[in-house]
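So the chains spell out like this:
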Amino acid sequence: MKQDIRTNKRVQIPQLNSEQKLLYRKIVFLLAAGFCLTPWASPPIALMLGILLALTHENPFHRISRPAAKYLLEASVIVLGFGMNLAVVLKAGASGALFAIGSITATFILGYFLGKWLKIPIKASALISAGTAICGGSAIAAVSSVINAAESEISVAMGTVFVLNAVALFVFPPLGHALHLTQAQFGTWSGVAIHDISSVVGAASHYGQSALYTATAVKLSRALWIVPISAAASYIFQRQQAKAGESVIHKPQVPWFIGFFILASVVRTFIPEVASWSPVVTHVSEAGLTLTLFLIGAGLSQRMLKTVGWKPMLQGVVLWIFISATSLGVILLVVH
């Protein structure tokens, strides 16, 4: 109700019903998604726009936005392969592999002792370590499936990694410029230290095309470690689960899209006509990844934020600082 001063009468303000509110939220969401496909939208802007809508309007497509983000991310990475020469992929992947064994092992060891010290449930602690050491949400999803993690433990790990992943997207490019990192150095650092491939590509694309290609190859080479890490986690937790009478452990999820990415790079390398499409292909891939970041941000919820206590967040921050600082020190010495 609102009072009209001239007539001293109360004017009835029409209220939207639930269906109209839902329609309004859908229109706003689709307009925001469309904006993310324009040249004015950068990866950080897309992510923040998604988060803002999720926390203020709620996601009207929450049931389909998460799987849509997953498949759009994989498709965009595969398309990006058509713009990358195979030699660049192999070289970047090989240089990133040098850091993989040491950094992944050290992250898990540190995460184990941090989890014990902070008294974090062992499965939640292991998922946070996996997300930090390998590739964020994809690693958490794969490892959680083989250790039969509870939904609450998955939410804690996902929320922790999500927050730090968003921070990395904004922090890494300015740090790279401040440290005067080369394209190869920044690309390698991003691929090692940023959690999810979506934010890796978002940060590296702002730094330069060479950094983008290097970061993508390095991150995907690390993502292959999902399989052995999941197998190891399955073996470690299997006896405990058998004693507790829990259900049968599932097989680890294999990131098949990486194989298609390499195949796309092979096609680009050995078919000259495909190389001429490289600028267009890269633009399409970056647009898809920008929209992916919007969908990822829109998948955030207040419930997810509430599940992340200060202890899991502290573990995630310490592990992230550890892998970022140590990998940067090695990269400055060996990558030019």
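Residue indices follow the written sequence of each chain, beginning from 1 at its first position. In keeping with the model being predicted, local features are shown solely for residues with a pLDDT of at least 70 and side-chain atom pairs are shown and tallied solely at 80 or more, while totals for entire chains, interfaces and linings include all residues. Think of the side-chain values as coming from all heavy atoms in the structure, minus any hydrogens and water.

Turn by turn, an α-helix covers 3.6 residues, leaving residues three or four places apart pointing in a common direction. Between its terminal C-alpha atoms helix α10 (residues 209–223) stretches 21 Å, which fits the 21 Å expected from 15 residues at 1.5 Å a residue. Think of it in three bands: residues with accessible area under 20% of the maximum for their type are buried, residues over 50% are exposed, and the middle band is partly exposed, with areas taken using a 1.4 Å probe on protein chains only. Each helix is a run of H or I in the DSSP string that is no shorter than four residues. Each strand is a run of E no shorter than two, and both are numbered from the N terminus. The buried fraction of α10 is high, at 13 of 15 residues. A helix's residues, less one, multiplied by 1.5 Å, set its expected span.

Note that V284 resides in helix α14 (residues 278–298). For V284, a relative accessible area of 48% corresponds to the partly exposed category. For the pair V284 and L37, spaced 247 residues apart in sequence, the C-alpha to C-alpha distance is 9.4 Å.

Moving on, we get to the pattern of salt bridges. Whenever a carboxyl oxygen of Asp or Glu lies within 4 Å of a side-chain nitrogen of Lys or Arg, that contact is scored as a salt bridge. Applying the stated criterion across every chain yields a total of 1 salt bridge. The partner of E74 in a salt bridge is K70, and the shortest N-O contact between them spans 3.2 Å. Placement of the pair is E74 and K70 together in helix α3 (residues 62–81), with a separation of 4 residues, close to one helical turn. Take E74: its relative accessible area is 21%, and that puts it in the partly exposed class.

We call a set of buried residues a nonpolar core when its members are Ala, Val, Leu, Ile, Met, Phe, Trp, Tyr or Cys and they connect through side-chain atoms within 4.5 Å of each other. Counting residues in each nonpolar core, the largest one holds 72 residues, and the members touching the most others are V77, L127, I147, F172 and W189. Considering each element in turn, this core owes the most residues, 9 residues, to helix α7 (residues 151–178). In contact with F172, not counting residues within four places along its chain, are F186, W189, S190, A193, I194, W320 and S324. The next biggest cluster of nonpolar side chains, apart from the first, holds 11 residues, and it includes A32, L53, F294 and L295. Note on contacts: a residue pair qualifies if any of its non-hydrogen atoms lie within 4.5 Å across the two residues.

Take the layout of surface pockets next. Buried and open spaces are told apart on a 1 Å grid over the protein atoms alone, a cavity being a set of points where a 1.4 Å probe fits but cannot get out and a pocket being an open set with protein on both sides within 12 Å along at least five of seven lines. Residues with an atom within 4 Å of a point are the lining residues. Grid points are joined across faces, edges and corners, and a volume is the space filled by probe spheres set on the points. The computed volume of the largest pocket comes to approximately 1400 Å³. Every residue lining the largest pocket is counted, 48 residues in all, and those nearest its centre are R66, K70, G137, S138 and M158. Here the lining of the largest pocket takes 8 residues from α3, the largest share from any one element. Nonpolar residues are Ala, Val, Leu, Ile, Met, Phe, Trp, Tyr, Cys and Pro. Charged residues are Asp, Glu, Lys and Arg, and all others, Gly as well, are polar. Of the residues assigned to the lining of the largest pocket, the class counts are 26 nonpolar, 15 polar and 7 charged. There is about 460 Å³ of room inside the second largest pocket. Residues belonging to the lining of the second largest pocket are distributed by class as follows: 14 nonpolar, 5 polar and 1 charged.

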